[in-house]
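Per-entry structural report
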Amino acid sequence: MAARVTALTYYPIKGCAGVTAEEVTLTPAGLAHDRSFMVVDEEGVFMSQRRDPRMALIRPEAGDGGARLRLRAPGIEDLDLDVDVSGARERVELFGTPYLGIDQGPAAGRWLTHVLGQPSRLVRVPPEHHRVTSGRTPGTAGFSDSGAVLVVSCASLDLLNRRLADRGEDPLPVSRFRPNIVVDGWDEPHTEDRAYAVTIGAAELGYAKIAIRCVVTTIDQESGTKAGHEPLRTLAGYRRAAKGGVAFGAKYSVVTTGAVAVGDTVRVTAWGASEL
């Protein structure tokens, strides 16, 4: 069976819920609108599900080609915003690295503060944002952790769920890993570790690095609550990375931009060895 895309998801606000799509444009920084926004605290430091799982309950929707943003969450009225791309640039911090962000105004700050229970602001990457991401294929990204596109295969998830079943644990949905692209049809688990050059639709991706996973994978993305120690405990038994941590999925840089759609064939044009 030919490998095909079975799901596409972008995450307008870093750490918040994703938006599924049938077709998207791959930009140099990944899926259009992916991690264009970030929630920061009073000091401008990024906020994450690592410390506040409730961020998973915030469901943003980008509209009008990114010119509008709607914020949704349980128990509060929706907030519609005109996206500001020309306001003052302010210093923000992501994993200790300084960047610039454009504050999206007091209404967004009040809304997020109410939902998260602590002073919060919403910032957007400026149009001139320039960030070089590392890996075998360097690239760029918005406010994502370390790469433009996260790819996970169904075969990798199936293997994990079999191992979870062996431990008496329930299977996990792929949403725990917050992928951008899900691929079905690769026979071997973790083929995404070895697919060094990939063509999907009109776009080309270049392998950057394996994806080291954190405690966000233990957060139930529907309830916004921590749900135990899985999958990290099981992954530690067979997916330990040589440089530390456990790996699941792979990060890719965008080599050629273009449209991709659910159902598109995933064609590997260059193979390499896994870093694991």
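Going by the structure above, here's the rest.
All values reported here derive from a predicted model rather than from experimental measurement.

1. Concerning the sheet that holds strand S13 (residues 149-153)
- Sheet architecture is open: eight strands sit in the order S3-S1-S14-S13-S19-S16-S15-S21, paired in mixed fashion. Single-partner strands in this sheet number two, and they are strand S3 (19-21) and strand S21 (266-271). Here the strands of the sheet are splayed against their neighbours by 35° on average, with no regard to which way each runs.
- The pairing of strand S1 (residues 4-10) with strand S14 (residues 181-184) spans four bridges and is classified as antiparallel. By the bridge assignment, Val5 is partnered in S14 with Val183.
- Lying over the sheet, helix H2 (residues 154-166) contacts S1, S13, S14 and strand S19 (246-256), oriented at roughly 60° with respect to S13.

2. Some words on the side chain of Thr218
- By the element assignment, Thr218 lies in the loop between strand S16 (203-213) and strand S17 (219-220).
- Taking the relative accessible area as the measure of exposure, Thr218 reaches 2% and is therefore buried.
- Of the polar contacts made by the side chain of Thr218, one reaches the backbone oxygen of Val215; its length is 2.6 Å.
- Thr218 has contacts with Arg176, Thr225, Lys226, Ala227, Gly228, His229, Glu230, Pro231 and Leu232, leaving out every residue within four places of it along the chain.

3. Considering unusual backbone geometry
- The omega angle of the peptide bond from Glu230 to Pro231 is 15°, so this bond is cis rather than trans.
- Assignment of secondary structure puts Pro231 in the loop between strand S18 (225-226) and helix H3 (232-235).
- Although it is not a glycine, Arg178 sits at a positive phi angle of roughly 50°.
- If you trace the backbone, Arg178 turns up in the loop between H2 and S14.
- Judged by relative accessible area, Arg178 falls into the buried class, the value being 8%.
- One non-glycine residue, His190, lies in the positive phi region at around 65°.
- Within the secondary structure, His190 is located in the loop between S14 and strand S15 (195-200).

The rules behind the values
- Residues numbered from 1 in each chain as written.
- Predicted model: local features only at pLDDT ≥ 70, side-chain atom pairs only at ≥ 80, totals over all residues.
- Heavy atoms only, no water.
- Pairing = 2+ DSSP bridges.
- Helix = DSSP H or I, 4+ residues; strand = E, 2+ residues; numbered from the N terminus.
- Axes fitted to C-alpha atoms, helices over the stretch in contact; angles between N-to-C directions.
- Contact = heavy atoms within 4.5 Å.
- Buried < 20%, exposed > 50% of the residue type's maximum accessible area, 1.4 Å probe, protein only.
- Polar contact = N/O pair within 3.5 Å; in protein donor to acceptor, adjacent residues only side chain to side chain.

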